[in-house]
Amino acid sequence: MKTTGHWGRAHCMCASVPLLCAAVATGSVAPIVLLPGFPTCGIDFMVPEGATLPPSIPPQCQPPRGSWTSLWPPDPSPVGVQVYCWLQYMGIALNSTSPTGFSPLIPGLLTRVRDFGGFGDMEHLNKTTLPAFENAGYVVGGTLFGAPYDWRLPLSGQPEFIERLQSLVENVSAANGGRKVALVAVSFAPPYALGFLHHMSQQWKDQYISSFVAESPGWSGFLGPILAYITGYLEDGNNATSFATQVTRSLAREVATVPWTFPRHGTDSNTSWTGTEIIFSTEKRNYTAQDYDSLVSDLGGSDTQRAMATAMMADADLFKFSPPGVDTFVACGSGFPTPTKALYQTGFGVDDDWQIKEITMGDGDGVMPSRSCHRGSLWTDNHTYVERIFKGMYHATCTHPNASNSSAPNSQCFRDILQFLNGNSSSVIDIPTL
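The structure contained in this document is the topic of the report that follows. (Residues numbered from 1 in each chain as written. Predicted model: local features only at pLDDT ≥ 70, side-chain atom pairs only at ≥ 80, totals over all residues. Heavy atoms only, no water.)

### Observations regarding the overall build of the protein
Quick note on the threshold: Each helix corresponds to a stretch of at least 4 residues labelled H or I by DSSP, and each strand to a stretch of at least 2 residues labelled E; elements are numbered beginning at the N terminus. Classification of residues uses two cut-offs on accessible area relative to the type maximum, computed with a 1.4 Å probe and protein chains only: under 20% is buried, over 50% is exposed, and between them is partly exposed. Should any heavy atoms of two residues lie within 4.5 Å, those residues are considered in contact. Only the protein chains shown count as covering a residue, and every accessible area follows the Shrake-Rupley method with a 1.4 Å probe.
Within the protein, the secondary structure is distributed over 15 helices and 17 strands. For the protein, the residues scored as buried account for 56% of the 434 residues in total. Long-range pairs, those at least 24 residues apart, make up 74% of the contacts in the protein between residues at least 6 apart in sequence. Of the roughly 17,700 Å² of accessible surface on the protein, a fraction of 53% belongs to carbon and sulfur atoms.

### What to know about helix 6 (residues 190-199)
For helix 6, the tally of buried residues reaches eight of 10 residues, placing the bulk of the element in the interior. All of the buried residues in helix 6 are Pro190, Pro191, Tyr192, Ala193, Leu194, Gly195, Phe196 and Leu197.

### What about the nonpolar core?
What counts is decided by this rule: For the purposes of this section, nonpolar cores are sets of buried Ala, Val, Leu, Ile, Met, Phe, Trp, Tyr and Cys residues that join through side-chain atoms within 4.5 Å.
In this structure, Val33, Leu35, Trp151 and Phe280 are the most contacted members of the largest nonpolar core, which totals 92 residues. If we ignore the near neighbours within four places in the chain, the residues touching Trp151 are Phe38, Cys41, Ile43, Trp72, Met90, Phe188, Tyr192, Leu251, Val255 and Thr257. Within the second largest apolar cluster, 29 residues are counted, among which are Phe119, Leu125, Leu144 and Phe414.

### Remarks on the state of the cysteines
In protein structure, a disulfide is the covalent linkage between the sulfur atoms of two cysteines. Cut-off, in case you're wondering: Whenever a pair of cysteine sulfur atoms sits within 2.5 Å, that pair is classed as a disulfide.
Within the structure shown, the criterion is met by three disulfides. The side chain of Cys332 participates in a disulfide bridge whose partner is Cys373; the two sulfur atoms lie 1.5 Å from each other. Judged by the sign of its S-S torsion, about -60°, the cystine formed by Cys332 and Cys373 is left-handed. Of this pair, Cys332 sits in strand 13 (residues 328-334) while Cys373 sits in helix 14 (residues 370-374), and the two are 41 residues apart along the sequence. Judged by its relative accessible area of 4%, Cys373 is buried. Here Cys398 engages in a disulfide with Cys413; their sulfurs sit 1.9 Å apart. Handedness here is read from the sign of the S-S torsion; for Cys398 and Cys413, about -95°, the answer is left-handed.

### Some details on the environment of Phe420
Checked against the element boundaries, Phe420 lands in helix 15 (residues 409-421). We classify Phe420 as buried; its relative accessible area is 5%. Along the chain, Phe420 and Phe212 lie 208 residues apart, while their C-alpha atoms are 9.5 Å from each other.

### Structural notes on the sheet that holds strand 8 (residues 144-146)
Let me state the cut-off plainly: When DSSP finds two or more bridges between a pair of strands, those strands are recorded as paired. To get an axis, a line is fitted to the C-alpha atoms, and for a helix only the part in contact is used. The angle between two axes follows their N-to-C directions and goes from 0 to 180 degrees.
Strand order in the open sheet formed by six strands is 8-2-9-10-13-16, with parallel pairing between adjacent strands. Looking along the sheet, the strands with just one partner apiece sit at the ends: strand 8 and strand 16 (385-391). Sheet twist, expressed as the mean angle between neighbouring strand axes with direction ignored, is 20°. Sheet analysis places strand 2 (residues 32-35) next to strand 9 (residues 181-186), joined by four bridges and oriented parallel.

### Re the packing of helix 2 (residues 81-90) against helix 9 (residues 243-252)
What counts is decided by this rule: Angle categories: roughly parallel below 35 degrees, roughly antiparallel above 145, roughly perpendicular from 65 to 115, and oblique for all the rest. By definition, turning the near helix anticlockwise from the far helix through less than a right angle yields a left-handed crossing, and turning it clockwise yields a right-handed one. Amino acid classes used here: Ala, Val, Leu, Ile, Met, Phe, Trp, Tyr, Cys and Pro are nonpolar; Asp, Glu, Lys and Arg are charged; the rest, including Gly, are polar.
The geometry of helix 2 relative to helix 9 is characterised by a closest axis approach of 10 Å and an angle of 20° between their N-to-C directions. For the element pair helix 2 / helix 9, the angle class is roughly parallel. The element helix 2 and its partner helix 9 pack so that their crossing is right-handed. For the pair helix 2 and helix 9, contact is made by Val83, Trp86, Leu87 and Met90 and by Phe243, Val247, Ser250 and Leu251, respectively. Of the residues assigned to the contact of helix 2 with helix 9, the class counts are seven nonpolar, one polar and no charged.

### Section: the packing of aromatic side chains
Keep this limit in mind: The pairing test for Phe, Tyr and Trp rings, Trp by its six-membered ring, is centres within 6.5 Å, and the orientation test on the planes gives stacked under 30 degrees, edge-to-face over 60, and tilted for anything in between. The rule is short: NZ of Lys or CZ of Arg within 6 Å of the ring centre and within 35 degrees of the ring normal puts a charge over the ring.
Going through the model one piece at a time under the given rule, you end up with 28 aromatic pairs. With a centroid separation of 5.2 Å and an interplanar angle of 70°, the aromatic rings of Tyr192 and Trp260 are classed as edge-to-face. Taken together, the positions of Tyr192 in helix 6 and Trp260 in helix 10 (residues 257-260) put the pair 68 residues apart, joining distant regions of the chain. Across the pair, exposure class does not vary: Tyr192 and Trp260 are buried alike. Summarising the aromatic geometry, the rings of Phe280 and Tyr287 are spaced 4.8 Å apart at their centres and angled 15° between planes, so their arrangement reads as stacked. Of the two residues, Phe280 and Tyr287, both sit in the buried class. Above the face of the Tyr229 ring, Arg253 is positioned so that its terminal group lies 5.4 Å from the ring centre. One residue, Arg285, lies across the ring of Tyr287, its end atom 4.2 Å from the ring centre.

### Side note on the packing of helix 8 (residues 223-231) against helix 9
It is the contact of helix 8 with helix 9, at a shortest axis distance of 7 Å, that shows an interaxial angle of 110°. Classed by the angle they form, the pair helix 8 and helix 9 counts as roughly perpendicular. Contact residues: helix 8 offers Ala228, Tyr229, Ile230 and Thr231, while helix 9 offers Thr245, Thr248, Arg249 and Ala252. Residues belonging to the contact of helix 8 with helix 9 are distributed by class as follows: four nonpolar, three polar and one charged.

### As for the side chain of Thr271
Structurally, Thr271 is set in the loop between helix 10 and strand 11 (280-281). By relative accessible area, which is 5% here, Thr271 ends up buried. Setting aside residues no more than four positions away along its own chain, Thr271 makes contact with Ser220, Arg371, His374, Arg375, Ser377 and Leu378.

### Overview of the pairing of strand 2
Regular strands have side chains that alternate between both faces of the sheet. Neither face of strand 2 is open: one carries Ile32 and Leu34, the other Val33 and Leu35, and all of them are buried. Of the pairings in the sheet, the one linking strand 2 to strand 8 comprises three bridges and is parallel in character. What sits directly across from Leu34, in strand 8, is Gly146.

### Brief notes about the side chain of Ser411
Mapping Ser411 onto the fold places it in helix 15. With relative accessibility at 2%, the residue Ser411 sits in the buried group. In contact with Ser411, other than residues within four places in its own chain, are Pro401, Asn402, Asn405 and Ser406.

Right, dumping it as structure tokens:
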């Protein structure tokens, strides 16, 4: 069943949904595996014993061999050469000889995601999202689990993550008496959850997955990554020559998932960027969602960087965008000015200043434009699809309900997610957008 209407409003959390909370308390609720946004996905790296680092890594920022060292989140106050080294440790390269198609920019470097299955490394979630679920009766390690990922790579470059997530879902289901598991993915994470569901057979999904919740998804990309790629755009207004923007620009060009999240070309301007729609302009030319190869060349990018951008646009999970094969709830915010187009002062030559002259705003959640969130409405299969737009809800705050204001859009969104997760999809009715 495909539903394009909106959820009926719940009135408060557990006090007004006693049956729901009783279900949670008695263990009859579907357990959750939560895929967080990329800022809370901790990544470590290690230089193996006996490994030789390239000359570009000076001795003062070489970690002890054979020991895991934190890579992400970054040191909040790095100095000098440490930033340069960190960018190299973070870098990802295409590698046709690797089984995954990717490899670290520094050969032989090992990486891992911290605390898979738990939330110990997710300080932000521990202060916001987890209390909300716990107040609704969920128990970390019992009915609520975390699945961080290496956000530098698309899912196609992380077969180990797919295997670990499959195992986690199966073990969580078994520990909860065979109940199906819900996948809840936030902000940067919905494409990873979607890709995982693409990799699983329908038989497996029917047995183990109850539903999929995508909060603030960027199905069709957004402008932020491409502005970061070009000039290191930061919302705080730093110009293209500042140290912060230079670091951001360098990182954006060294990880695979930045071009993976560029605005995507399509035929419907309600769900994508059409071939005639200008995304950004210079005094020399206009660029659309079909001009990324030209963009990388104009930026002075290497053949490898052009290949990376091309490969990421063609990555099947977001290019083909097949349905997930499970009941799905998509929560989107709206009512915030969101970047949709940029105009640069000059071109991208050596003597140009690369400054952003003007950014055109459209509707969205302040980060994701509305059209990107709406792309899921194109799915056609026999599973329930619910898309709810919450006016006044900022990006990725649905699972951060406002404890002091139960009528706030994000509080209403969180209640609707709880209803959906617990089998109340039949209560969907058509009401005006909040």
